[in-house]
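Geometric and topological summary
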Amino acid sequence: MDPMIGRPLADLDTPSLCIDLDIFESNIAAMAGYIADCGKQWRPHAKCHKSPAIAHRLLQAGAIGVTVAKVSEAEVFIRAGVRDVLIANMIAGETKVNRVAALCRYGDPIVAVDHFAQAEALAAACRKLGVTCRVLVEINIGMDRVGIRPGPDAIELAHGVDRLEGIRLVGVMGYEGHLLRIEDAEEKRRKIDSAIGLLEEARDRMQREGICADIVSAGGTGSYQFTSHCPAVTELQAGGGMFADPFYIEQCGVQGLSPSLTVLATVVSRPMLERGIMDSGRKTLNGELHMPVVKSTVAGRSLPDATVTALSAEHGFLKLGPESQYLTIGDRISVIPGYSDFTTVLHDRFYGIRDGVVEVVWPLEARGCLQ
């Protein structure tokens, strides 16, 4: 057992990555309930947590599996007993396709493809091992990242994939990530409906032509409260809402969730009355999509006019207004990551906190899994 379990939050050294378990569990219940009420299944993306312990919590809450970006991540989760894993990425190269084929002996992965060359290589690797791997055709619905062009190109690919032995086509997927930050709710809904409509058209034609399209997978945290209402969608990949970063709440308009993830930091310098320096910089936090947000002292005292203005390698720069200038060297503060996906990968473990005490320690076992 980790020696910090049962110790007060204030006993943690800094920087430490902490989860408020009450808020975290409330967020999970809210997401699971929302998606289930819309008649959809939940396959949350694990890029925000990288932790099999958290994945099992999500399964207990009703998730059918997890979504990952890398083969190495899939290996971690399947090894930990999470059998149903969607690798929502293109897999290329002999080494990787052989590893995916090997995973089919122990789990039930799904792989996204947007070109026949990817599918053909995976099918050959699976035939050598005598296994079958599920496949989704990824369609570009406006993100312009990966995905085959919707319409005839997508259907032609679906026919080609469907004929290959060693893989089994089960549906389509797409990501409406280019629409997350539309401010007007009605415009956002309309454009998401239009984007998901491209998946619906592909599904309908595939079914008419005798090709399996049981799965229509889409939806990130910044859009799930809209995408869940699209009739064609069967499952949502939204995962980051369990932490409910300021990016999702302030820039994407996600409602009903609260930030559960914080970094515990120490004030290490007070060069001016209006400025403080904490021991958490870019090696601890990330400010690319949204700057970290100062929450409070470890004792719960509010810091309403303290802001993080910049991050260097090891230090965070604090601008302190009149109500926050009482901070002294050695004070502990809680800082909310602006976007957790870019912060969690910098840490080895989560400290789960309840009532001010460390209840659990969860390793990020898939951290650093880039291949």
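See the structure printed just above.
Quick caveat: nothing in here was measured; it's all calculated off a predicted structure. (Residues numbered from 1 in each chain as written. Predicted model: local features only at pLDDT ≥ 70, side-chain atom pairs only at ≥ 80, totals over all residues. Heavy atoms only, no water.)

**Details of the overall build of the protein chain**
To keep things clear, this is the line we draw: Helix numbering and strand numbering both begin at the N terminus, where a helix is a DSSP run of H or I of at least 4 residues and a strand a DSSP run of E of at least 2. Using C-alpha atoms as the atom set, the radius of gyration is obtained and then compared with a globule rule of 2.2 Å times the number of residues to the power 0.38. Accessibility here uses a 1.4 Å probe with only protein chains present; expressed as a share of the type maximum, an area under 20% marks a residue as buried, one over 50% as exposed, and anything in between as partly exposed. Contacts are assigned to residue pairs that have any heavy atoms within 4.5 Å of one another. For the area figures, the Shrake-Rupley method with a 1.4 Å probe applies, and any residue is considered shielded solely by the protein chains shown. Charged residues are defined here as Lys and Arg on the positive side and Asp and Glu on the negative side; His and the ends of the chain fall outside this count. For this purpose, a charge sits on NZ of Lys, CZ of Arg, CG of Asp or CD of Glu.
Along the backbone of the protein chain there are 10 helices and 17 strands. By the compact-globule yardstick of 21 Å for 371 residues, the protein chain fits well, its C-alpha radius of gyration being 22 Å. Its C-alpha atoms give the protein chain principal-axis dimensions of roughly 70 × 45 × 35 Å. Taken over 371 residues, the protein chain has a buried fraction of 54%. In the protein chain, the share of contacts with a sequence separation of at least 24, taken over all contacts with a separation of at least 6, comes to 69%. For the protein chain, the accessible area works out to roughly 15500 Å², and carbon and sulfur atoms hold 48% of it. The average position of the 38 basic charges and that of the 46 acidic charges among the side chains of the protein chain differ by 4 Å.

**Describing the packing of aromatic side chains**
Note the following rule: In this analysis, rings of Phe, Tyr and Trp, with Trp reduced to its six-membered ring, are considered paired at centre separations within 6.5 Å, and the interplanar angle assigns stacked below 30 degrees, edge-to-face beyond 60, and tilted for intermediate values.
In the structure shown here, the tally under the stated rule is 8 aromatic pairs. Aromatic side chains Phe243 and Phe350 sit 5.8 Å apart centroid to centroid with 40° between the ring planes, which places their arrangement in the tilted category. Here Phe350 lies in strand β16 (residues 349-354) and Phe243 lies in the loop between β9 (235-236) and α9 (246-251), a separation of 107 residues in the sequence. You can call Phe243 buried: its relative accessible area is 1%. Taken together, the aromatic side chains of Phe24, Phe243, Phe350 and Trp362 make up a single cluster linked through ring pairs.

**A word on unusual backbone geometry**
In the segment running from Thr14 into Pro15, the intervening peptide bond is cis, with an omega of -5°. Of note, Pro15 is situated in the segment before β1 (16-20). Non-glycine residue Lys50 carries a positive phi angle of around 55°. Its place among the elements puts Lys50 in the loop between β2 (41-42) and α2 (52-60). For Lys50, a relative accessible area of 8% corresponds to the buried category.

**Some remarks on the pairing of strand β17 (residues 357-363)**
Condition: Pairing between strands is defined by DSSP: at least two bridges between them are needed.
In this sheet, β17 lies alongside β16 in antiparallel orientation, the contact comprising 6 bridges. Across the sheet, Phe350 pairs through a bridge with Trp362, a residue of β17. The antiparallel hairpin formed by β16 and β17 contains 2 residues in its connecting segment, where Asp355 sits at a positive phi of about 55°.

**Observations concerning the packing of helix α6 (residues 152-162) against helix α7 (residues 185-208)**
If you want to describe how two helices pack, look at the angle between their axes and the distance between the axes. What counts here: Interaxial angles span 0 to 180 degrees and are taken between N-to-C directions of axes, which are lines fitted to C-alpha atoms, for helices over the stretch in contact. Roughly parallel here means an angle under 35 degrees, roughly antiparallel means over 145, roughly perpendicular means 65 to 115, and every remaining angle is called oblique. Working rule for handedness: look at the near helix, and if it is turned counterclockwise from the far one by less than a right angle, call the crossing left-handed; if clockwise, right-handed. Here the term charged refers only to Asp, Glu, Lys and Arg, the term nonpolar to Ala, Val, Leu, Ile, Met, Phe, Trp, Tyr, Cys and Pro, and the term polar to all other amino acids, Gly among them.
The interhelical angle for the contact between α6 and α7, taken along N-to-C directions, is 45°, at an axis separation of 10 Å. Comparing the axis directions of α6 and α7 gives the class oblique. As for the relative orientation of α6 and α7, their crossing is right-handed in sense. Between α6, through Pro152, Ile155 and Ala158, and α7, the contact on the second element is made entirely by Ala202, Arg205 and Met206. Across the contact of α6 with α7, the residue classes break down as 5 nonpolar, no polar and 1 charged.

**Structural notes on the environment of Cys48**
Among the structural elements, Cys48 can be located in the loop between β2 and α2. Taking relative accessible area as the criterion, Cys48 reaches 1% and is therefore assigned buried. Placed 182 residues apart in sequence, Cys48 and Cys230 show a C-alpha to C-alpha distance of 24 Å. Leave out the neighbours within four places in its chain, and Cys48 touches Gly239, Gly240, Met242, Phe243, Ser340, Asp341, Thr344 and Phe350.

**Structural notes on the environment of Ile148**
Topologically, Ile148 is positioned in the loop between β6 (133-138) and α6. Each C-alpha atom of the pair Ile148 and Asp184 lies 29 Å from the other, and the pair is 36 residues apart in sequence.

**Examining the environment of Ala306**
With respect to the element layout, Ala306 can be found in strand β13 (residues 306-311). Among the residues examined, Ala306 registers a relative accessible area of 7% and is labelled buried. On a C-alpha basis, the gap between Ala306 and Lys295 in space is 8.5 Å, while along the polypeptide they are 11 residues apart. Ignoring any residue separated from it by four or fewer positions in sequence, one finds Ala306 in contact with Val294, Lys319, Leu320 and Ser324.

**With respect to the sheet that holds β6**
Hydrogen bonding along the main chain pairs the strands of a sheet, whether they run parallel or antiparallel. Pairing within the open sheet is parallel, and its 8 strands lie in the order β2-β9-β8-β7-β6-β5-β4-β3. Here the strands that pair on one side only, and so sit at the sheet edges, are β2 and β3 (66-68). Sheet topology note: the strand β4 (residues 85-90)/strand β5 (residues 110-113) ladder contains 3 bridges and is parallel. Within β5, the position partnered with Ile87 by the bridge is Val111. Helix α3 (residues 71-79) contacts β3 and β4 of the sheet and is inclined by roughly 175° relative to β4.

Read these as geometric descriptors, not functional statements.
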